[in-house]
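Each chain is listed here by its residues.
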Amino acid sequence: MLEFKPKLNIDSPLAEPDVYIRDLDADFEVSYPHGDFTISRTKTGNILSRYRDDFWDLSPYAIHSRAPSIIYFKKTIPNEGSVLLDEYKWIMFIIIFIADSGRSGFLSISTICGHANSVAFLAKYCLAQKTSIRDFLKNEKEVRKFFGQATITKRKKERISYIFQYLNKLDKTVTGFDLCNEMKINFAKTLKSDKPKQTVVIPTRILSEIISSCTEFLREYREVEEKFLTLVKKSNENSAFGRSKGRQKSNCPGIATLEDDFNTACNKLGLSVYMNKNNIFDLHGVSRHLRKLQYACKLLIHLYTGMRDDEVSRLMYDCLHTEKTVNGRVFRIVGETTKLVGLKKAERWITSPEIEPAIHIAKGISKTIAEGIGVSDHILFLPVSNLNFSPSSKNSKNLLQSGFNDIKNSIFSIVIEDSDVKELQKISPSADWLSDPKFQIGAIWPIATHQFRRTLAVYAAQSGLVSLPSLKRQLKHITNEMTLYYAASSSFSSSLFGDDKMHFRHEFNESKLYGEGLGYIYNLLLSDQALHGVQGIWLEKHERKNDEIHILASRENTLKRFKRGELAYADTPLGACLSREACDKKPMRAVSACISCDKAVIVEAKLEKVIFYQNALLEDLNQGSMEYRMEKEQLDDLCRLHAQIQRKKNVSTD
Ligand code: SF4
C-alpha cells in the first residue's frame, strides 16, 4: 500500500488535503482518484476543491497572495476532449501528490500553475492531432515532430520537458504513462551535459579555507549565542524592541513607554563588540546574520556528509543521531528522500563529530523561529523570513527553505591561485579548467553545494590525495567511518543505508577507484621521493623511467586500469600498498608487516616518521611488558630497513 501526501506548503493541519493511497498489488490498472477526493481546504478546514471539479483552487497554500493559484481545466479543454481533460487533471495530480518535487520536497503554487500551463499546452496540441497524451508519449515519431516545431520557443520546450521528467522518474504502473525511447534518450543527454559540473573537486587549500572560515565564524557565534538569540526572541515578540524611536511609534501607535533601541539593547545584552565586528547595525543586519549562520551550518553538513542540496534543505530539526557501537560512537544524519516513486523514505548518512556544533547552532536558530510562529514539527533550516523584523517577512508562515544564493561569498571569498588550478587539472584531468572563466587565477572560487559531494567522495576514498596535514586531520574521522560503513565490501553497506541508487555511498565507491588511480599517479609515479620495497623498486625500474609528460599523457589509461580492477593503490603509513586483495598480514604486525610484503612501496620520509612515533610509543610503555617487546621488535625491523636504504643510497652516490 503506497501513501502519497501533497507537496504543498501547508501551515495549518486543518488545511490538509486528502492522502492518495494506491495498492499496486491489487490495482493493476491506473485508477484516477475518486471524484470526492479533497484537493484543497481553507485554513479553517472547509473543502475548497475536489478532484472532480472543473478548477482547483490552491490559494490557501500560496505564499504570495497575488500570484495565480487556481488551475482551470474546463476553460482549457472543451467537452469534446474529455479524455484529454482527464489526462490533464491526472498529470497535475501526479505533480502535486506523487512526483519527487526537487530541492525542498515541496512545490510552490506558482510553480504548480506554471506546470499546469505546460500540460494545458500539450493537451491542446494532442487535441489538434486527435490523439491522447498517453498515445502521444508512446509515439517516438510524434514526440520528435512536436519538439521539431519551429513555432515552439526553446523556453516552452524546456518547460514541457520538466513535465516529461516528472513522469519519466515514476514507474508506469503508478502513472499509466509509458514514455518512448526518444524521451529517455533526451533525458540521458540532459544528464550527460550536467556531468562536468559534478566532477569539480574543490582543491585542498580552498577546501581547508572553507572549513576554517565556517568553523571560526560559528565558533565566535557560539560565545554569544544565548545573548544573540535573546535579542532575536525579544525583537520578534515585541515590535517596538530593538527599533528606532520612529519605528517604535509607527509599529506600535500610541506606545506609552519606549523600549530599548538597537544599540541600547545590544549594550545591555553585552553584544556590542560582536555586532560591531560583524557589521550588524540594526535588526535587518541581525536577520541577514542569522541567514549567514544557517548557510555556514549547511555548508558544513554538506561537507561532512556528501548530502545533496535538496536532502539538506529538507532535514528535520532532530536529524543528528549518535549511536554507541563496537567501533565507538557513530554519528548519523537521518533524513528523508523522495527518490522512489515520490515516496518519502528515511535515509541515513554517516558523518563526523565535527558536525555537532553546526547542528547545534542551526537547531538554536530554528527553535527560536519556530517558537515565534508556534510550530513544533519543522525543518532544521526554518526560513528567517518568519521573524517579524526580517526584511522579507510575510504574513503567512513559510516552512520551506528556498536557499542561500544571495549570501554566497558573504562568509568567505577565496581567490583562486595558480596552485589551485594545477590541483584542479591534477584531480579532474578530463576537464579543460584553463579555458573555463569561472576557474581562472584571481577569480573568486564559485562555491556550489554539489561540489562538496564529489570532493568528499574523492578525498575520503583516497586520503593520500590530501597533502595538507590540517585538512587531513579534519577529514580523518569521516574518512575512516566512510571506509568502514560505505565501502562496497562493507557488511553494513546496504543493510544500514538501503538501496537508493542516488545515495552518497555509491558516489563514494565510484570515487574510490578514481582516487586510487590519482593517488598512484601523483603519490608514486610523479613523486620526487625514491621508492623502495618490492613494488617500489619495480616501479622505479619500469614505470618511473618515463618522464612526467609521458606519465601524464597516459593518465587516462592508468585511471581506466584502476576502474577495471587491474591495479590497486592504498596509502599506508610506510608508503603504499598495491595489493588487489584485502590485507591478511597486518593484524599481527600492524606497521612493519609491509616491510617484507611483495605488495609494498616504501617511502623513506614516511618510514622516518613511523620510526619517530614508534620511539615515542616505546617511551610510554613498561620495558618489561609483553607489549613493549612486541613494539620494540617492530621498531628494530623498521630501523633495519632504514639502515638498508641508507646503505643503498651511499653505494649509489660513491
Ligand atoms: S602487508 Fe602487504 S598487503 Fe598488507 S598492507 Fe602492507 S603491503 Fe599491503
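Remember, predicted model here, so these are calculated numbers, not experimental data.

### Focus on helix α1 (residues 82-98)
Here comes step 1: Under the 1.5 Å per step criterion, the end-to-end length of α1 is 23 Å for 17 residues, consistent within 8% with the ideal 24 Å.
Here comes step 2: In terms of residue burial, α1 counts as a mostly covered element, since 13 of its 17 residues are buried.

### Some details on the packing of helix α8 (residues 204-237) against helix α14 (residues 356-373)
Here comes step 1: Two elements in contact, α8 and α14, have axes separated by 10 Å at closest approach and are oriented at 5°. Looking at the two axes, α8 sits roughly parallel to α14. Within the contact between the two elements, α8 uses Leu218, Tyr221, Arg222, Glu225, Leu229, Val232, Lys233 and Asn236 and α14 uses Pro357, Ala358, Ile361, Gly364, Thr368 and Gly372.
Here comes step 2: Here the contact of α8 with α14 is built from residues that sort into seven nonpolar, four polar and three charged.

### Let's talk about the site of the ligand
Here comes step 1: Residues in close proximity to the ligand total 11 residues, the closest being Cys577, Cys583, Cys594, Cys597 and Ala600.
Here comes step 2: For the shell around the ligand, a count of residues per class yields six nonpolar, two polar and three charged.

### Side note on the nonpolar core
Here comes step 1: Formed by 103 residues in total, the largest nonpolar core has its most connected members in Cys297, Leu300, Ala460 and Val601.
Here comes step 2: Sorting elements by how many residues they give to this core places helix α12 (residues 283-305) first, with 12 residues.
Here comes step 3: Of the domains in this structure, domain 2 (204-407) and domain 3 (526-654) are the two that each give at least three residues to this core.
Here comes step 4: If near-sequence neighbours (up to four positions away) are discounted, Ala460 is found in contact with Leu475, Ile478, Thr479, Met482 and Phe508.
Here comes step 5: With 42 residues, the next largest nonpolar core counts Phe4, Ala62, Leu84 and Ala120 among its residues.

### Digging into the environment of Asp406
Here comes step 1: Its location among the elements puts Asp406 in the loop between α14 and α15 (418-427).
Here comes step 2: Sequence separation between Asp406 and Arg291 is 115 residues, and the spatial gap between their C-alpha atoms is 9.9 Å.

### Quick word on the sheet that holds strand β11 (residues 570-572)
Here comes step 1: If you trace the four strands from one edge of the open sheet to the other, you get β10-β13-β12-β11, paired in antiparallel fashion. Two strands in the sheet have a free side with no partner beyond their single neighbour: β10 (531-532) and β11.
Here comes step 2: On the sheet, helix α20 (residues 533-541) packs against β10, β12 (575-577) and β13 (600-603) and is oriented at approximately 80° with respect to β13.

### Concerning the packing of α12 against α14
Here comes step 1: Two elements in contact, α12 and α14, have axes whose closest approach is 9 Å; the angle formed by their N-to-C orientations is 145°. Judged by the twist between their axes, the crossing of α12 over α14 is left-handed. Residues Leu290, Leu293, Gln294, Cys297, Leu300 and Ile301 of α12 lie in contact with α14, whose contacting residues are Ala358, Ile361, Ala362 and Ile365.
Here comes step 2: Class assignment for the residues of the contact of α12 with α14 results in nine nonpolar, one polar and no charged.

About the criteria used
- Residues numbered from 1 in each chain as written.
- Predicted model: local features only at pLDDT ≥ 70, side-chain atom pairs only at ≥ 80, totals over all residues.
- Helix = DSSP H or I, 4+ residues; strand = E, 2+ residues; numbered from the N terminus.
- Expected span 1.5 Å × (residues − 1).
- Buried ≥ 20, exposed ≤ 12 C-beta atoms within 10 Å, placed from the backbone.
- Axes fitted to C-alpha atoms, helices over the stretch in contact; angles between N-to-C directions.
- Parallel < 35°, antiparallel > 145°, perpendicular 65-115°, else oblique.
- Contact = placed C-beta atoms within 7 Å.
- Nonpolar A, V, L, I, M, F, W, Y, C, P; charged D, E, K, R; others polar.
- Near = placed C-beta within 6 Å.
- Core = buried A, V, L, I, M, F, W, Y, C linked by C-beta atoms within 7 Å.
- Domains from an automatic or database assignment.
- Pairing = 2+ DSSP bridges.
- Left-handed = near helix turned anticlockwise from the far one by under 90°.

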